[in-house]
Amino acid sequence: MPGIDSAEAGGILTIDLEAIVANWRELARRAAPAACAAVVKADAYGCGAGSVTTILAQAGCSTFFVAQLAEGRAVRSAAPGAAIYVLNGLAPGTAAALAEADLRPVLGSLPEISEWQSFVGATGWHGPAALHVDTGMNRLGLSLEEAESLSLSRDFIPHLSLVMSHFACSEIPDHPLNARQIVAFRRVRALFPGVEGSLANSSGIFLGPDAHHDLVRPGVALYGGNPTPGHLNPMTAVVDLRGRIVQVRHVAEGATVGYGATWIARRPSRVAIVSIGYADGILRSASPRSEKAGAQAIIADRPYPFVGTVSMDLIAIDVTDAPDDAVRRGARATLIGDGISVDDLAAHAGTVSYEILTSLGRRYQRVYRGAGT
Ligand SMILES: *Cc1c(COP(=O)(O)O)cnc(C)c1O
């Protein structure tokens, strides 16, 4: 519902497309001479796959990754000339639909490979496909042994354009699994000479040239998530989220706020009620609890804490210490932006920026900033 008017919407979600382009250029620079693709699955991590694909294709990105066929169709219409890979592979009976949209399956199991071979054999389809080989994640992909025997077999994958694998722990640079996966992937590449290789996600790019191969596949870093947790975020912020204050109320000392009465006013308090809740992606786990602080909102340049439990459509903020004129009905409270990063909000909710971004709801007024939109 991008057409929701700002006076009516509970929140305004601003997505900075120029920042996404700047992030893509920065990642491409770090990965060079490898090429840089863009992962736009899950509606480009909640940022809007159509707008993001259009702007990145204009910036020179020519390879996109989605998780599912339907996502691939949407990306195809935004980037008619691009290579588009479907990471979740070939769902049974969907080869013709993939070919119809000129999408490339990332084949990750022997049954998928034989179904694709039959389709190509029967139709003469000339479109490429990728092969996923597992190097330690144990999620998708052939085992090394399966890849070895496939590489020797006569009925090889037709038009194999890319061989890939995926890191399990690249955001923890000294995790021993990274080195093992890098070594294993080198062996995989040797099985398929002349075929391009791809291993690195966002954090993998920061593991250095051994992880880069021919093509890197960043997702979250494009959207401003920190690919180097524990270190300064090298990416530019993309998302800004503001909610509207519905009302400001006085809470007597000893009274409680919200479901479950989890917060008790220790002094006469003032609480601002903001019209964004967990249905909009501010996870309930961002609520304060006796053992941990909750998330914060910025009102008139200063941070104030969440109180009580985040509800479906509303959050309560303790603004007792705020100047009177800053906190009034209709004023805005910033949940992401003004110094609060997506990673900060994620940390308060006990999760990762990926989950915050992909949970951003449908009820916002969406504003796209930058580059011809
Ligand atoms: C999601 C995904 C990516 C992108 O990962 P980020 O950590 O968001 O950069 C890359 N490759 C595969 C296989 C993925 O599933």
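Above this text is the structure in question.
Bear in mind that the values here come from a model prediction, so they are computed numbers and not experimental data. (Residues numbered from 1 in each chain as written. Predicted model: local features only at pLDDT ≥ 70, side-chain atom pairs only at ≥ 80, totals over all residues. Heavy atoms only, no water.)

Caption draft 1: Structural detail: the pairing of strand β5 (residues 83–86). Burial of the side chains of β5 extends over both faces: Ala 83 and Tyr 85 are buried on one face and Ile 84 and Val 86 on the other. With four bridges connecting them, strand β4 (residues 63–66) and β5 associate as parallel partners. Residue pairing in the sheet places Thr 63 in a bridge with Ala 83 of β5. Once the chain exits β4 it traverses helix α4 (residues 69–78) before rejoining the sheet at β5, and the crossover so formed is right-handed. Looking at chain direction, β5 and strand β6 (residues 104–107) are connected through two bridges and run parallel. Paired with Val 86 across the bridge in β6 is Pro 105. Since β5 and β6 lie parallel, the crossover through helix α5 (residues 95–100) that links them has a hand, and here it is right-handed. (Buried < 20%, exposed > 50% of the residue type's maximum accessible area, 1.4 Å probe, protein only. Helix = DSSP H or I, 4+ residues; strand = E, 2+ residues; numbered from the N terminus. Pairing = 2+ DSSP bridges. Right-handed = clockwise from strand over helix to strand, strands pointing away.)

Caption draft 2: How the structure looks around the packing of aromatic side chains. Under the defined criterion, the tally for this structure stands at five aromatic pairs. Here the aromatic rings of Tyr 45 and Tyr 354 are separated by 6.1 Å at their centres, their planes lie at 40 degrees, and the arrangement is tilted. With Tyr 45 in helix α2 (residues 41–45) and Tyr 354 in helix α11 (residues 353–359), the pair connects residues that are 309 residues apart, well separated along the chain. Look at Phe 65 and Tyr 85: their rings are 5.2 Å apart centre to centre, the planes differ by 20 degrees, and that puts the pair in the stacked class. (Phe/Tyr/Trp six-rings, centres within 6.5 Å; stacked < 30°, edge-to-face > 60°.)

Caption draft 3: Up close: the site of the ligand. Residues in contact with the ligand amount to 14 residues; listed here are only the nearest, Lys 41, Tyr 45, Ser 202, Gly 219 and Tyr 354. At 3.3 Å from an oxygen atom of the ligand is found a side-chain nitrogen or oxygen belonging to Arg 139. Within the backbone of Val 220, a nitrogen or oxygen atom sits 2.8 Å from an oxygen atom of the ligand. In the complex, 94% of the free accessible area of the ligand, which totals 390 Å², lies under the protein chains. (Near = heavy atom within 4 Å. Polar contact = N/O pair within 3.5 Å; in protein donor to acceptor, adjacent residues only side chain to side chain. Areas by Shrake-Rupley, 256 points an atom, 1.4 Å probe, with all protein chains shown as cover.)

Caption draft 4: View of the nonpolar core. With 115 residues, the main nonpolar core has Leu 56, Phe 64, Trp 116, Leu 131, Tyr 223, Phe 306 and Ile 317 as its most contacted residues. Those residues in contact with Ile 317 that sit more than four places away from it in its chain are Arg 270, Val 271, Ala 272, Val 274, Ala 297, Ile 299, Tyr 304, Pro 305, Phe 306 and Val 307. The next biggest cluster of nonpolar side chains, apart from the first, holds eight residues, and it includes Val 251, Ile 273, Val 307 and Ala 316. (Core = buried A, V, L, I, M, F, W, Y, C linked by side-chain atoms within 4.5 Å. Contact = heavy atoms within 4.5 Å.)

Caption draft 5: Expanded view of the pairing of strand β11 (residues 239–251). Sheet topology note: the strand β1 (residues 11–16)/β11 ladder contains five bridges and is antiparallel. Looking at β11, one finds that Leu 13 is bridged to Leu 241. When β11 meets strand β18 (residues 332–336), the two strands line up antiparallel, connected through four bridges. Looking at β18, one finds that Arg 244 is bridged to Arg 332. With six bridges joining them, β11 and strand β14 (residues 269–274) adopt antiparallel strand pairing. By the bridge assignment for β14, Arg 249 is matched with Val 271.

Caption draft 6: Spatial organisation of helix α8 (residues 176–191). The end-to-end C-alpha separation of α8 is 24 Å, in line with the 22 Å expected for 16 residues at 1.5 Å each. Residues of α8 that are buried: Leu 177, Asn 178, Gln 181, Ile 182, Ala 184, Phe 185 and Val 188. At its buried positions, α8 is contacted by α7 (144–152), β8 (160–164) and β9 (196–198). (Expected span 1.5 Å × (residues − 1).)

Caption draft 7: Molecular detail of the environment of Ala 22. Among the secondary structure elements, Ala 22 is positioned in helix α1 (residues 17–31). What makes Ala 22 partly exposed here is its relative accessible area of 35%. Ala 22 sits 232 residues away from Gly 254 along the chain, and the two C-alpha atoms are 50 Å apart.

Caption draft 8: Summary view of the environment of Val 239. The topology assignment puts Val 239 in strand β11. Assessed through its relative accessible area of 5%, Val 239 is described here as buried. Among all residues touching Val 239, those that are not within four sequence positions of it are Leu 13, Thr 14, Cys 47, Ile 336, Val 342, Leu 357 and Leu 360.

Caption draft 9: Up close: the environment of Val 188. Its place among the elements puts Val 188 in helix α8. Its relative accessible area of 0% is what places Val 188 among the buried residues. Taking the C-alpha atoms as reference, Val 188 lies 8.1 Å from Val 163; in sequence the two are 25 residues apart. Sequence-distant contacts of Val 188, defined by excluding residues within four places in its chain, comprise Val 133, Thr 135, Leu 144 and Val 163.

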